[in-house]
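Topology and contacts: notes
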Amino acid sequence: MMTRSDQWKFYLTVIAVLACIFTLWPTFQFYSLTPARRQEVLQARPSAATNEADRVRLEKDAKLREKAIKLGLDLQGGMYLLLEVDKSKLGPTEAKNAVDQAMQIIRNRVDQFGVAEPSIQKQGDDRILIQLPGLLDQERAKGLIGQTALLEFKLVKTEEESRALYDRIDQYFARKLHGGTAPDSAAADSVLHPFTSRLLSGQRAEAVVLNENVGAIDSMMAAFRADSTFTLESSIAWDAHDTDAQGRTARAIYVLSKEPLMKGSEVASAQMRLDLDQARPGAPGVSFNLTSRGGALFADITGQGSITGSFTEEEAQNLAIVLRSGALPAPVNIVEERTVGPSLGQDSIAQGFRAGAIGALLVVIFMVGYYRVSGIVAVVALILNIMGLLACMAGFHATLTLPGIAGIVLTIGMAVDANVLVFERIREELRNKKTVLSAIETGYSRAYRTIVDANVTTLLSALALMWFGSGPVRGFAITLSIGLIINMITAVGVSKMIFDAWSLRRKVSSISI
Amino acid sequence: MFQVLVGVNVDWMRRRHIAYTVSGACVLIAIISLIMHGGPRYGVDFTGGTLLEIGVTPAVSADVVRKAADDAGFAGAEIQKLDRPGQVLIRVGPRAGKSNPSGAIAAQVRAANPGATVDVIRVESVGPRVGNELRGAAVKAVFLALLFILIYVAIRYDWRYSMGAVVALFHDVFIALGAVSLTNREVTLTVVAALLTIAGFSINDTIVVFDRIRERGKALRREKAETVMNIAVNETLSRTIITSFTVFLTVMALYLFGGEVIHDFSFTMLVGVVFGTYSSVYVASALALDTQLYLERSKPGRPKK
């Protein structure tokens, strides 16, 4: 015999339990797949489907993945990167949009890298948080994301213009090395022409520099550029390959216009190719097609070009991706990185679950051993609590991290608190010769207030943690908070309901507690 | 029924100097350890820097790894060999102008050992500015949590109690921090998470005792405060111990089986749970009693509430 309100409570509980099971079903399905099949589901990208049947299948997989509780990067392995956009060299209007632009471009790059479920978020004014789950080549991903990828097409200056620049540099260093005055015109060539004497004059606009002099030329250019009395309309660049200068290795040097004719934004498409450099067959390079505007600027009807150099295949691949997705508006720096390799992630899951299982088992043994039948009631409430907690996580699309597992394990320990408080109170009332019914009544009503107080304080510190914590630590705060809130319902409400149902049905004179 | 610690009748309050001595000694040890270690040893989360765990097969010596780190521009790296063969933990301080320390070191180790495979198992790299921010946020969070708890307890209970509760709370958190320092562990984000949880948990048990003091205080109005508190502590002893014991069981499971990543977390929790229970039983109530006695003495003639 149940009272009307008890019936309602009972039905409500049943509905809640069914809702939990329903919410947790995809999680159960997902984690009972074979590892290979699970990996397939993790990687499923409906947008990559080639035919209708594939698309339907992949969409189903993606949906299953969506509805299952996700594992944090610390459990499935992956990379967490916090990037800072360096806006120091941008104007105020450029700076305003720089982070959003950078995010869009990084998103394009990551999409082409082929990571399932990447997360890219803006943090604060100038930071971007990137989370890449799963197995991946960390260095390649970092290189891809962090590259500014500035592609500029600059015109090579004419021979006269180049000579004029070299002369200026010569004069500058000749004076500098001679104590501020111009040296006597009869002095040695190396005194009069400290710069050009290191060049082997080439046939065209470019000069050639022996490899052992490359460093000296570089540092001279840097010193020249740093001297603020000179404004340069040109810059110099080295050829990507060594050339042969009468049996000695050398590099060609070019004088380029300072302002680019065209930027990488005019690149329409880019691919890695192995057949670009006739001199070195099989050497990886990148070929690209230009937009029509770029083609016009390039004064080239085909609108094609290629980049060769000493690339590995992977580097060329990356270069093609970053050319396709565009240049970042400003350099980005990695200010925080957390990477977990897949093997450590698997260890963590296994250990976390083992600890949880052992902890739960110990608590169950203790509760049933100490409180007998009442202990079983507490364990039922505990199971409902954990089920509710997991269902909430699945429902809110929360991520399970290792500290999150620790939060659940801690919840198991703390959840029985409430029942212990109630049971001890009931025992006390029984010792004071109260009847079973009134002992249960008083036990629950007196203990409830204490339970709320105790849980609220833990909840307060969990909330402070949620506010401050990042990543995994927040996962801990979330599971602990949800666990505590559900605990106040299950440990008191559900266990009381079971007691009521049992004690009201017959005239009870004893209780197993 | 099977029960423990029922019908205990200990005169806790008359011997409260024991609690003060034990707590004083523990706090003193914590202070000495913190001074000797030059304050808490902060992990890379708070100082900035890079922690890189790699697995090299076949295993190489620590010196090879150290040399590689040197060559990559990270002189003075701290190299620690882990239990599993070939696993090495590399720790370097924050370096200005190096945007990818973990990548640079791993690449150098690979270059120096062409025949070996080098797996990156774990990277935690925090720039100095982010480290500062995290430290600021952690300190703020700890004080905010303590403030919240203080306000909550002050609203729900007499402020004389909340003083005792909060001092007990500081005592637990501080001793746990001392234990972290004493065992030469690092204060990381997860350790701070543990300290905050201890704060929430420690007050939990204290509230159970205080609730009973208040309840008995009403019923036994004629009795001395000391007697009321003794009765309350004795009556709640079994449930304080049992509730803590279940938490202790799960934290112990985490400590023994939870793995290296949360080892420091579970260690801190373990210490916190033990001291949190002890302080709830003894320190918080003893302090509440002394506050009350002090107030009575300083206001003669006014009958106690």
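Residues numbered from 1 in each chain as written. Chains lettered and ligands numbered in written order. Predicted model: local features only at pLDDT ≥ 70, side-chain atom pairs only at ≥ 80, totals over all residues.

1. Considerations on the overall build of chain A
Condition: Each helix is a run of H or I in the DSSP string that is no shorter than four residues. Each strand is a run of E no shorter than two, and both are numbered from the N terminus. Neighbour density around each residue's C-beta defines its exposure: 20 or more other C-beta atoms within 10 Å make it buried, 12 or fewer make it exposed, and counts between make it partly exposed, where C-beta atoms are placed from the backbone. C-beta atoms are placed from the backbone for every residue, and two residues are taken to be in contact when these atoms lie within 7 Å.
Within chain A one finds 15 helices and 15 strands. Expressed as a percentage of its 513 residues, the buried residues of chain A come to 38%. Long-range pairs, those at least 24 residues apart, make up 69% of the contacts in chain A between residues at least 6 apart in sequence.

2. Re the overall build of chain B
Test applied: The quantity called the radius of gyration is restricted to C-alpha atoms. Its globule counterpart is 2.2 Å times the number of residues to the power 0.38.
Counting secondary structure elements, chain B contains 9 helices and 4 strands. In sequence order, chain B lays out its α and β elements as α-α-β-α-β-β-α-β-α-α-α-α-α. Taken over C-alpha atoms, the radius of gyration comes to 25 Å for chain B, far larger than the 19 Å a tight globule of 305 residues would show. Out of the 305 residues belonging to chain B, those deemed buried represent 49%. Within chain B, contacts between residues separated by at least 24 positions form 79% of all contacts whose residues are at least 6 apart in sequence.

3. A short note on the confidence of the model for chain A
Here is the rule: As a per-residue quantity, pLDDT reports the predictor's confidence and falls between 0 and 100.
In the predicted model, chain A carries a mean pLDDT of 83, and 95% of its residues have values of at least 70. Per-element confidence in chain A is highest for helix 12 (residues 342-395) of chain A, whose mean pLDDT is 93, and lowest for helix 10 (residues 292-297) of chain A, whose mean pLDDT is 73.

4. Looking at unusual backbone geometry
A cis amide bond, omega -5°, links B:T57 with the succeeding residue B:P58. Mapped onto the secondary structure, B:P58 falls in the loop between strand 1 (49-57) and helix 3 (62-71). In this structure, A:R372 is a non-glycine residue whose phi angle is positive, near 55°. Secondary-structure assignment places A:R372 in helix 12. Owing to 15 C-beta atoms within 10 Å, A:R372 belongs among the partly exposed residues under this scheme. Phi is positive for A:H397, which is not a glycine, with a value near 60°. Of note, A:H397 is situated in the loop between helix 12 and strand 15 (399-400). Look at A:H397 and you get exposed, because 11 C-beta atoms sit within 10 Å.

5. Observations regarding the sheet that holds strand 13 (residues 304-307) of chain A
Paired through backbone hydrogen bonds, the strands of a sheet run either parallel or antiparallel to each other. Residues and elements named next belong to chain A. What counts here: DSSP-based pairing: two strands are paired if at least 2 bridges between them are found. Each axis is a line fitted through C-alpha atoms, taken for helices only over the stretch in contact, and angles between the N-to-C directions span 0 to 180 degrees.
Pairing is antiparallel across the open sheet formed by 3 strands, whose spatial order is 11-12-13. Each edge of the open sheet is held by one strand with a lone partner, namely strand 11 (267-273) and strand 13. Geometrically, the sheet is characterised by an average inter-axis angle of 25° between neighbouring strands, direction not taken into account. Here 6 bridges tie strand 11 to strand 12 (residues 285-290), and the two strands are oriented antiparallel to one another. Bridged to A270 within strand 12 is F288. Along the sheet, helix 11 (residues 313-325) contacts strand 11, strand 12 and strand 13; its crossing angle with strand 11, the most-contacted strand, is approximately 170°.

6. Some remarks on the domain arrangement of chain B
The condition is simple: Segmentation into domains, and thus their bounds, comes from an automatic or database assignment.
Each assigned domain of chain B is listed here: domain 1 (16-42 + 130-298) and domain 2 (49-126). Here the C-alpha centre of domain 2 of chain B lies 40 Å away from the C-alpha centre of domain 1 of chain B.

7. Some points on helix 1 (residues 16-36) of chain B
Residues and elements named next belong to chain B. Defined as follows: The span you would expect from a helix comes to 1.5 Å times its residue count less one.
Its 21 residues place the ends of helix 1 30 Å apart at the C-alpha level, agreeing with the 30 Å of an ideal helix rising 1.5 Å per residue. Taken together, the buried residues of helix 1 touch helix 6 (159-182) and helix 9 (263-298). In the stretch just after helix 1, G38 is the one whose phi turns positive, near 65°.

8. Looking at the interface of chain A and chain B
Note the following rule: Any residue outside Ala, Val, Leu, Ile, Met, Phe, Trp, Tyr, Cys, Pro, Asp, Glu, Lys and Arg is labelled polar, Gly included; the first ten of those are nonpolar and the last four are charged.
Chain A puts 58 residues into the contact, and the matching count from chain B is 58 residues. Mapped onto the side of chain A that touches chain B, the elements with two or more residues apiece are helix 6 (138-146), strand 14 (332-340), helix 12, helix 13 (402-431), helix 14 (436-468) and helix 15 (471-505) of chain A. Here the side of chain A that touches chain B is composed, by residue class, of 32 nonpolar, 15 polar and 11 charged. Relative to strand 4 (residues 117-126) of chain B, strand 14 of chain A is paired through 5 bridges, and the arrangement is antiparallel. The partner of A:E337 across the bridge, within strand 4 of chain B, is B:S125.

9. A few points about the sheet that holds strand 14 of chain A
Across the sheet, which stays open at both edges, the 8 strands sit in the order 3(A)-4(A)-2(A)-14(A)-4(B)-1(B)-3(B)-2(B) with antiparallel pairing between neighbours. Bordering the open sheet on either side are strand 3 (119-123) of chain A together with strand 2 (78-81) of chain B, each of which pairs with just one other strand. Here the strands of the sheet are splayed against their neighbours by 25° on average, with no regard to which way each runs. In the packing of helix 5 (residues 128-156) of chain B onto the sheet, the strands contacted are strand 2 (78-85) and strand 14 of chain A together with strand 4 of chain B, and the crossing angle to strand 14 of chain A comes to about 65°.

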